[in-house]
Amino acid sequence: MSITGRQKAALLLVQLGKERAARVMSKLDVAEMEELTAEILRFERIDQSLADEVVDEFYAAAEIGPGVGGGLGFAQQLLEASVGKEQAAGMIERLQASLAGHSFDFLQQADARQVVSLLDGEHPQTMALVLAHLRPDHASAILAGLPEDLRADVAHRIALMERASPDVVAVVTESLQRKASAVLAPRELAAVGGVQPLVEIINRADPATEKSILEGLAARDEALADQVRALMFVFGDVVLLEDRAVQLVLRQVETGSLAQALKGSGPDVRDKILRNMSERARENLVEEIDLLGPIRLSQVEEARAEIVQVIRGLEESGQIVVRREGEDELVA
């Protein structure tokens, strides 16, 4: 369905909700207000897919970058014309220092369940924007708390996001601040989202959430899902670790969990583990595996996820280096 730019603007206002739409309308002249109000009145029933397309188009246009009017360049020119170059430079520097801050910091310490409630009813693109600004572990917990049908959609949007317009971030931040009774005013254009932040978020998710997100992502964009999988560390990638790193990992894993994780694993993974154990520990592990007998796949996946979390923790603390397949060798 083809609609005019004015109809798109009206549809966007409806999607923004009363509070945000009112703030936008307050910036318009009387004629523009009347035109948009007339378009809104003409809407009898809004097709949700069309509404989503309009919102996506708005975000895509906003993410291109800042437009004319305002911004650092304009402020600098204005100050230079008023007080001279030298004094203007000092004023700009002080202002930038005082205005600096991280977007959505007021959500960093909030309980994940509270943030999920806060985001309830927001557009998936808004959710993606917020999660891309948060710490990966926090974003992962929030993503896991979203309805299952939303997770993959939000994950897909995070992966495709590149840069966010400060105006868009400011509108979303202000709205969420009002709900959360916090204060923050982001000012800088910052790189957010992308495949790597999504990988870091999924890496911290539980196995069920990880599986759900990847399956949903594959249904939307198989190539993107493959790209995400290639960057993730999975249990089978233990063969890529140096022997010293494997030994550090084994010190933090119980024999029972290791035995479950090795059930059904390939000979390369099993050999990598066994040759980094003492003879006695190796014998105990092989015996433990034999005694287990058939076990549920979910138990195996849970045990492997536990070991992968240990590996990721050691990598984050800098105790080991994880070399992904295809990366260059390390040189001592």
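A few points on the structure. Predicted, not measured: the structure shown is a model, and the values here were computed from it.

The next thing to look at is the environment of A139. Examined against the element boundaries, A139 turns out to sit in helix 9 (residues 136-145). Separated by 59 residues in sequence, A139 and L198 have C-alpha atoms that sit 9.3 Å apart. In this structure A139 touches L131, L134 and I201, once residues within four positions along its chain are discounted.

The next point concerns the pattern of salt bridges. Inspection of every chain in the model, using the stated rule, returns three salt bridges. One salt bridge connects R157 with D153, and the closest N-O pair in it is separated by 2.9 Å. Here R157 and its partner D153 are both found in helix 10 (residues 148-160), four residues apart, which amounts to about one turn of the helix. Here R157 matches D153 in class, with each residue buried.

Membership of the largest hydrophobic core comes to 43 residues, with the highest contact counts inside it found for F104, L107, V154, L176 and V228. Going through the elements one at a time, helix 7 (112-119), helix 8 (124-133), helix 9, helix 10, helix 11 (166-180), helix 12 (195-203), helix 13 (207-220) and helix 14 (222-231) are the ones with two or more residues in this core. When residues in this core are grouped by element, the largest group, six residues, is from helix 8. Beyond its immediate chain neighbours, meaning those up to four positions away, L107 contacts V115, L118, V130, L134, H138 and L176. Counting residues in hydrophobic clusters, the runner-up holds 28 residues, among them L258, L274, I320 and V322.

Moving on to the packing of helix 8 against helix 10. How two helices pack is summed up by the angle between their axes together with the distance between the axes. Packing of helix 8 against helix 10 brings their axes to within 8 Å, and their N-to-C directions diverge by 60°. It follows from the interaxial angle that helix 8 and helix 10 lie oblique. Between helix 8 and helix 10 lies a crossing of right-handed hand. Residue-level inspection shows P124, Q125, M127, A128 and L131 of helix 8 in contact with helix 10, the latter providing L150, D153, V154, R157 and I158. Classifying every residue of the contact of helix 8 with helix 10 by side-chain character gives seven nonpolar, one polar and two charged.

A few words now on a negative patch on the surface. Side chains of E279, E283, E287, E288 and D290 sit close together on the surface and give a patch of like negative charge. When you line up the elements, E287 lands in helix 18 (residues 279-292).

Within helix 17 (residues 267-274), burial applies to V269, K272, I273 and L274. As for helix 17, its buried residues are in contact with helix 15 (243-250), helix 16 (255-262) and helix 18.

Time to look at the packing of helix 16 against helix 19 (residues 297-316). Following both chains from N to C, one finds helix 16 and helix 19 inclined at 120°, their axes separated by 8 Å at the closest point. Between helix 16 and helix 19, the angle falls in the class oblique. Remark: the crossing between helix 16 and helix 19 carries left-handed chirality. Across from S257, L258, Q260 and A261 in helix 16, the residues of helix 19 making contact are Q299, V300, A303, R304, E306 and I307. Considering only residue class, the contact of helix 16 with helix 19 consists of five nonpolar, three polar and two charged.

Rules used in this analysis
Residues numbered from 1 in each chain as written. Predicted model: local features only at pLDDT ≥ 70, side-chain atom pairs only at ≥ 80, totals over all residues. Heavy atoms only, no water. Helix = DSSP H or I, 4+ residues; strand = E, 2+ residues; numbered from the N terminus. Contact = heavy atoms within 4.5 Å. Salt bridge = Lys/Arg side-chain N within 4 Å of Asp/Glu carboxyl O. Buried < 20%, exposed > 50% of the residue type's maximum accessible area, 1.4 Å probe, protein only. Core = buried A, V, L, I, M, F, W, Y, C linked by side-chain atoms within 4.5 Å. Axes fitted to C-alpha atoms, helices over the stretch in contact; angles between N-to-C directions. Parallel < 35°, antiparallel > 145°, perpendicular 65-115°, else oblique. Left-handed = near helix turned anticlockwise from the far one by under 90°. Nonpolar A, V, L, I, M, F, W, Y, C, P; charged D, E, K, R; others polar. Patch = residues over 30% accessible without salt bridge, like charges linked within 9 Å, V, L, I, M, F, W, Y side chains within 5 Å. Areas by Shrake-Rupley, 256 points an atom, 1.4 Å probe, with all protein chains shown as cover. Lys, Arg positive; Asp, Glu negative; His and termini not counted. Charge placed at Lys NZ, Arg CZ, Asp CG, Glu CD.

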